[in-house]
Amino acid sequence: MKSMTGYGRGVCSEGGVELTAEVKSVNNRFLDLSVKCPRIFLAQEENIRAIVRRYITRGHVDVFVSCTDKREKEKNFTADISVARAYHRAAQQLKAALPDVADDTSLTFYLRLPDVVRTEESGEADEALVSALERALEEALTSLTKMREKEGQRLEADLLSRMQTIEELTQSISGRAPLVAQEYREKLTERIGEYLAGKVDETRILTEAAVYADKCNIDEELTRLRAHIKAFREICTLPEVGRKLDFLVQEFNRECNTVCSKSSDRQITALALAMKNEIEKVREQIQNLE
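Fair warning: this is a prediction, and the values are worked out from it, not measured in the lab.

How each quantity is defined
Residues numbered from 1 in each chain as written. Predicted model: local features only at pLDDT ≥ 70, side-chain atom pairs only at ≥ 80, totals over all residues. Heavy atoms only, no water. Phe/Tyr/Trp six-rings, centres within 6.5 Å; stacked < 30°, edge-to-face > 60°. Helix = DSSP H or I, 4+ residues; strand = E, 2+ residues; numbered from the N terminus. Buried < 20%, exposed > 50% of the residue type's maximum accessible area, 1.4 Å probe, protein only. Pairing = 2+ DSSP bridges. Axes fitted to C-alpha atoms, helices over the stretch in contact; angles between N-to-C directions. Contact = heavy atoms within 4.5 Å.

Draft legend 1. Inspection of the packing of aromatic side chains at higher detail. Summed over the entire model, instances satisfying the criterion amount to one aromatic pair. Relative to Phe252, the ring of Phe232 lies with its centre 6.4 Å away and its plane at 80°, an arrangement referred to as edge-to-face. Separated by 20 residues along the polypeptide, Phe232 in helix H6 (residues 219-235) and Phe252 in helix H7 (residues 242-262) bring together distant segments of the chain. We classify Phe232 as buried; its relative accessible area is 0%. A relative accessible area of 1% means that Phe252 is categorised as buried.

Draft legend 2. Region of interest: the sheet that holds strand S4 (residues 59-69). One open sheet holds the four strands; their spatial order is S1-S2-S4-S3, and the pairing between them is mixed. Whereas interior strands pair on both sides, the edge strands pair on one side only; in this sheet they are strand S1 (6-14) and strand S3 (31-36). Here the average twist between neighbouring strands, direction ignored, is 15°. Here S3 pairs with S4 via six bridges, running parallel. By the bridge assignment, Asp32 is partnered in S4 with His60. Seen against the sheet, helix H1 (residues 45-55) touches S3 and S4 and runs at an angle of roughly 140° to S3.

Draft legend 3. Broad picture of the side chain of Glu290. By the secondary structure assignment, Glu290 is in the segment after helix H8 (266-286). The class for Glu290 is buried, based on a relative accessible area of 4%. Look past the residues within four positions of Glu290 in its chain and what remains in contact with it is Lys2, Ser3, Met4, Tyr55, Ile56, Thr57, Arg58, Arg148, Glu240, Val241 and Gly242.

What follows is the structure, encoded as structure tokens:
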């Protein structure tokens, strides 16, 4: 079981390349990836996403990549002829306007002017940069996964504790339910006896009590609640549980609501409301699970 919340950082420093990858994740219904990296790594964005998907299946994930390349690399220079010609035309205009000024222009002069000479650099990351990126990202994701697993263990302990409480409330309701019809029958007998001066029609009492017992019967709901509790614990042993538990909690709510609507007994209603409170806390925690 993993939480969807976590943070991981990875660093690769080798051969003049210093690359840092950071990964942050929070809860989200689906996998939502956001990648922010230097322009030189734009062609690697799909590769970054593929690596992240190997570790994460659900959540909003932000990936940040920063890089410093201190390697000595051969540089290529190119001259922008159009810019040099524009400078040359401007120089001729000045010469015509100021004929007494000495002309000391040369190729070296033009090389020093802005934008005449430009450096050509590769627009994509080379093999060393890609390797550093992958290693740093794997390290960050491994760290993130450990944090998510640790948080997942805490959430699992809390969920199983609450499920134990829900099971105990189910047992209390189950123990109380058979007494409700019996108490209703006794009250009905007493009430009719008062109206009829002690003369009670036993057949009528039995019929009324049977109708009431059938109307308030919650055996099916209790049976389904026990089945849901068992299923919840089984799902908790799986690697990806978020969506499954989210659906199961909806079923818990449905059965609990039915128990509340059927019961006119104060004790059962109080127990069912306490159960609804626990179910809501479980639902909130599940929103953080992958």
